[in-house]
Amino acid sequence: MTIENLVLSIAMAIAAGLVGCFAVMRRMALAADALSHVALPGIGVALALHINPIFGAAAMLFFGGLMVWALEGKARVAPEALIGVLFSVALAVGSMMTSGEELIDALFGGAGALSWPEILFGLVASLAVIGFIVTQRNRLVVMLVSPDVARTAGIDVRRLNLIYMQMFALTIALGLRFLGVLLMGALIIIPAATAKRLAGNLTGMLSAAVIVAVVATVGGSWLATSLHRETGPLIVTVAAGCFLLSFLRR
Amino acid sequence: MDKALEVDRLSVRFGKVQVLKDLSFSVAKGTSLAVIGPNGAGKTVLFQSLIGSIPSEGTIRWAPGVKIGYVPQKLDLERDVPITGDDFLRARRSLMHGSEADTPRILELVGISKEVSESSIGTLSGGQFQRLLVAFALLGNPSVLMLDEPTAGVDEPGQKQLNELIRHLQKERGFTVLFISHELSVVYEYAANVLCLGHGHTCFGPPRKILTPDLLAEIYGTRVDYHVHDH
């Protein structure tokens, strides 16, 4: 693993751990998993146009995040059902547009050599996500407890929700290179779910989620290199191991 | 007298269901308005429309510069959410760039111990959580306090304590109070005006005029008794 890969994967893991905490507490773990599937058609279009797949994926995820945001709070439709239908369709369409090794890389991740635009995008996006959670954590906490209380405390709930969804989508885009469309949702959810079991307060949860995500990413990548296996499945396996270990605590 | 809130022909509709229709009332600054009515009459919907969380028709006019402290009904939170009372109150302080100095006094006022404030909010009892929400609202130094059944889930002595506390603070700080309640004796005792929402009926006026057996029977669809405390 090159130094650029290592730095980028750690930055991505920190972002995933932080953003995942609020996803788990907001009970949107399944939506998170489904949202990552939206990236696939974007990857297909980008490959057809001979541009870096990460940018195609990021564009599609942006629309996916916008869609989840627009569906939230619409009482007349069941968001889970719509998310399930739309994102499964995205997976089907994406699978038709990509094939062979490219499809396997898109689904499960394939690190390979990173281009400079990719590294730059990854670092800037990771910093944006980390900065957002660190500076907005208090607003996110109040909104989580009660959107109505948040509103009267001067928080623009709808706007904050939209930015959170976009940061969430950006985090998925960040991890696609390492974990792929099918597994990136797991790196957002499993460390946060583990941290939720271990922590007694918010700072504890955020810190624990970051540690688990970084350990899973670095440990999984090292195992993948040592065992000559794909990176994504091993990252998720290490994260799942941490989750199982958390049951020993209480 | 200056008005804290003026509402004119407020209507709220969810699809084909008309929840509120042409509701008009006003609240003078520093006074208390009680909202009463049977379940499903639209009391919480009224509060949500007043704070702008659901769309409505008509006019809602708050006094300029008003700061609202809102205490909703018990929320549906997961028990294992690792957010403590302290996390929640710290979030409030940071939003208003306030100091920590006020917090211990307010926690003591609402009757929350250090042990409770360090617990996860998902594990708090209904009454403890309600007190925490009141503390959260008070930390914002509100000019209007809106309480949606503030004593629901609170034990009997706690109810009295919480009601007394709100009255005491209202006198001390001069804020306006809007509260939803099913305790008609409390409404009689504390409210300057009562807004009643019944199925198809609305009325507004001082408690002596509104809390009559006939009017209550009309609003609730059945005879309602309540006890007025002697002083």
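Everything below is about the structure printed above this text.
Conventions used here
- Numbering of residues begins from 1 in every chain and follows the order in which that chain's sequence is written.
- To read the labels, note that chains go from A and ligands from 1, taken in the order they are written.
- Residue-level local features of this predicted model are given only where pLDDT is at least 70; pairs of side-chain atoms are given and counted only at 80 or more, and the full residue set underlies all totals for whole chains, interfaces and linings.
- Hydrogen atoms and water are omitted, and side-chain values are computed over all heavy atoms in the structure.
- The way it works is that DSSP assigns letters per residue, a run of H or I at least four long becomes a helix, a run of E at least two long becomes a strand, and they are numbered from the N terminus.
- The quantity called the radius of gyration is restricted to C-alpha atoms. Its globule counterpart is 2.2 Å times the number of residues to the power 0.38.
- Only protein chains enter the accessibility calculation, which uses a 1.4 Å probe; a residue is then buried when its area is under 20% of its type maximum, exposed when over 50%, and partly exposed in between.
- Whether two residues are in contact is decided by their heavy atoms, any of which lying within 4.5 Å being enough.
- Calculation of accessible area relied on Shrake-Rupley with a 1.4 Å probe; when residues are assessed, cover is drawn exclusively from the protein chains displayed.
- For the charge count, each Lys or Arg is scored as positive and each Asp or Glu as negative, with His and the chain ends excluded.
- A single reference atom marks each charge: NZ on Lys, CZ on Arg, CG on Asp, CD on Glu.
- Any Lys or Arg side-chain nitrogen located within 4 Å of an Asp or Glu carboxyl oxygen qualifies as a salt bridge.
- Centres within 6.5 Å are what make two rings of Phe, Tyr or Trp a pair, Trp counting through its six-membered ring; a difference in plane orientation under 30 degrees is then read as stacked, over 60 as edge-to-face, and the rest as tilted.
- The rule is short: NZ of Lys or CZ of Arg within 6 Å of the ring centre and within 35 degrees of the ring normal puts a charge over the ring.
- When two components associate, each loses some accessible surface as probed by a 1.4 Å sphere; the sum of these losses over both components is called the buried area.

Asks: If you had to explain the overall build of chain A to someone new, which residues and values would you point to?
Replies: Scanning chain A from terminus to terminus reveals 11 helices and 0 strands. Relative to a compact globule of 250 residues, whose C-alpha radius of gyration would be 18 Å, chain A shows 17 Å and is just as compact. When its C-alpha atoms are laid out on the principal axes, chain A stretches across 50 × 40 × 30 Å. Counting only residues that meet the buried cut, chain A has 54% of its 250 residues in that class. Of the contacts formed within chain A by residues at least 6 apart in sequence, a portion of 76% connects residues at least 24 apart. Total accessible area on chain A stands at roughly 10700 Å², and carbon and sulfur atoms take up 71% of it. Looking at charge distribution, chain A has the averaged site of its 15 positive side-chain charges lying 15 Å from that of its 11 negative ones.

Asks: Describe in detail the overall build of chain B, supporting the description with residues and values.
Replies: Along chain B, the regular secondary structure elements total 9 helices and 9 strands. Computed over the C-alpha atoms, the radius of gyration of chain B is 18 Å, within 12% of the 17 Å expected from 2.2 N^0.38 for a compact globule of 231 residues. For the C-alpha atoms alone, the extent of chain B along its principal axes is close to 50 × 40 × 40 Å. When each of the 231 residues of chain B is scored for burial, the buried share is 53%. For chain B, contacts bridging at least 24 residues in sequence account for 67% of all contacts bridging at least 6.

Asks: How would you explain the pattern of salt bridges if you had to name every residue and give the values?
Replies: Summed over the entire model, instances satisfying the criterion amount to 9 salt bridges over all chains. Residues K196 of chain A and D80 of chain B are paired through a salt bridge, measuring 3.3 Å at the closest nitrogen-oxygen approach. Of this pair, K196 of chain A sits in helix α9 (residues 157–198) while D80 of chain B sits in the loop between β5 (68–71) and α2 (85–95), placing the two residues on different chains. The exposure class of K196 of chain A is buried, given its relative accessible area of 9%. Within this structure, R105, E172 and R173 of chain B form a network of salt bridges that share partners.

Asks: I'd like a description of the packing of aromatic side chains, backed by residues and values.
Replies: By the definition in use, this model includes 7 aromatic pairs over all chains. Ring centres 5.3 Å apart and planes at 90° place the aromatic pair F243 of chain A and F247 of chain A in the edge-to-face group. Its relative accessible area of 44% is what places F247 of chain A among the partly exposed residues. Both rings, one in F25 of chain B and one in F204 of chain B, keep their centres 6.1 Å apart while their planes meet at 45°; by these two values the pair is tilted. Here the residue F25 of chain B occupies a position in strand β2 (residues 17–28), and F204 of chain B occupies one in strand β9 (residues 201–205), the gap between them amounting to 179 residues. Judged by its relative accessible area of 32%, F204 of chain B falls in the partly exposed class. Here R167 of chain B stacks its cationic end above the ring of F179 of chain B, 5.1 Å away from the centre of that ring.

Asks: Describe the environment of F62 of chain A, with residues and values.
Replies: Residue and element names in this part refer to chain A. Turning to its location among the elements, F62 is positioned in helix α4 (residues 53–71). A C-alpha to C-alpha distance of 25 Å links F62 and A150, two positions 88 residues apart in sequence. Residues contacting F62, with those up to four places away along its chain left out, are Q166 and A169.

Asks: How would you summarise the interface of chain A and chain B if you had to cite specific residues and measurements?
Replies: It is common to give the size of an interface as the accessible area that goes away when the parts come together. Counting from both sides, the interface comprises 21 residues of chain A and, opposite them, 25 residues of chain B. Contact between chain A and chain B buries roughly 2200 Å² in total, counting both sides, with carbon and sulfur atoms accounting for 66%. Interface area lost by chain A to chain B is led by R27, V145 and T152 of chain A, which between them contribute 27%. The tally of links between chain A and chain B comes to 1 salt bridge.

In short, shape yes, function no, at least from these values alone.
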